[in-house]
Amino acid sequence: GCSAYQQTPAETIKICRSAASTVPRDWHGLVQCFVQLGMGIPESEEQLRGIITAIRDGGCNGINFYNRSEAPPKMLSWLERTLPAFAE
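Since this is a predicted model, take the numbers as computed values, not measurements.

Parameters at a glance
- Residues numbered from 1 in each chain as written.
- Predicted model: local features only at pLDDT ≥ 70, side-chain atom pairs only at ≥ 80, totals over all residues.
- Heavy atoms only, no water.
- Pairing = 2+ DSSP bridges.
- Helix = DSSP H or I, 4+ residues; strand = E, 2+ residues; numbered from the N terminus.
- Contact = heavy atoms within 4.5 Å.
- Axes fitted to C-alpha atoms, helices over the stretch in contact; angles between N-to-C directions.
- Right-handed = clockwise from strand over helix to strand, strands pointing away.
- Buried < 20%, exposed > 50% of the residue type's maximum accessible area, 1.4 Å probe, protein only.
- Arc of directions from axis to C-beta.
- Core = buried A, V, L, I, M, F, W, Y, C linked by side-chain atoms within 4.5 Å.
- Phe/Tyr/Trp six-rings, centres within 6.5 Å; stacked < 30°, edge-to-face > 60°.

## Topic: the sheet that holds strand 2 (residues 32-36)
Point 1. The strand order across the open sheet built from three strands is 1-2-3, with neighbouring strands paired in parallel fashion. Each edge of the open sheet carries a strand with a single partner, namely strand 1 (2-3) and strand 3 (62-66).
Point 2. With five bridges connecting them, strand 2 and strand 3 associate as parallel partners. When the sheet's bridge partners are listed, Gln36 is paired in strand 3 with Tyr66.
Point 3. Of the strands in this sheet, strand 2 and strand 3 touch helix 2 (residues 45-57), which is tilted by about 135 degrees from strand 3.

Given below as C-alpha cells:
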C-alpha cells in the first residue's frame, strides 16, 4: 500500500502507480492508499473525486481514510457522493 496524505490527484496517481508496480502479478489481496481528510487537501468535493479516481487509475484497489472520525463534517458528506467513482 501507500499513503497520499495532502496530495493532489496528479501526485496521488504517481504515488499509487509506484506502489502498484511493486506488487507481484499473482497478488490478489488489498493494495490500499491512505488518504487524510481535513488538512488542506482535498479543498473541494471535486478534488476529492479526483483523488479517488487517481487511486483507482493508479492501480490501488482500496482506500483508507485516515482519522475519518476527525474529518470536517462537510468532507464526510463529500465521501457519500464521490466514493462511487472508485467503482466506475
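## Quick word on the pairing of strand 2
Point 1. One ladder, built from two bridges, connects strand 1 with strand 2; its direction is parallel. For Ser3, the partnering residue across the bridge sits in strand 2 and is Phe34.
Point 2. Taking the sense of rotation as the criterion, the β-α-β connection linking strand 1, helix 1 (residues 9-20) and strand 2 turns out right-handed.
Point 3. Note that the unit made of strand 2, helix 2 and strand 3 has a crossover that is right-handed.

## Considering helix 3 (residues 73-82)
Point 1. Residues Met75, Trp78, Leu79 and Thr82 constitute the buried set of helix 3. Angular distribution of buried residues about the axis of helix 3 spans 110 degrees; they occupy a single face of the element. Residues of helix 3 that are exposed and angled more than 90 degrees away from the buried face: Pro73 and Glu80.

## Some remarks on the nonpolar core
Point 1. Ranked by size, the top nonpolar core spans 19 residues in total, and within it Cys33, Leu37, Leu48, Ile55, Cys60 and Phe65 carry the most contacts.
Point 2. Looking at this core, the elements with two or more residues in it are helix 1, strand 2, helix 2 and helix 3.
Point 3. The element contributing the most residues to this core is helix 2, with four residues.
Point 4. In this structure, Leu37 is in contact with Pro42, Leu48, Phe65, Tyr66, Ala71, Pro72, Met75 and Leu79, ignoring residues within four places of it in sequence.

## Some remarks on the packing of aromatic side chains
Point 1. This model, assessed by the stated rule, comprises one aromatic pair.
Point 2. With centroids separated by 5.2 Å and ring planes inclined at 35 degrees, the aromatic side chains of Tyr5 and Tyr66 adopt a geometry described as tilted. Remark: Tyr66 occurs in strand 3 and Tyr5 occurs in the loop between strand 1 and helix 1; sequence separation between them is 61 residues.
Point 3. Looking at Tyr5, the relative accessible area reads 30%, which means it is partly exposed.

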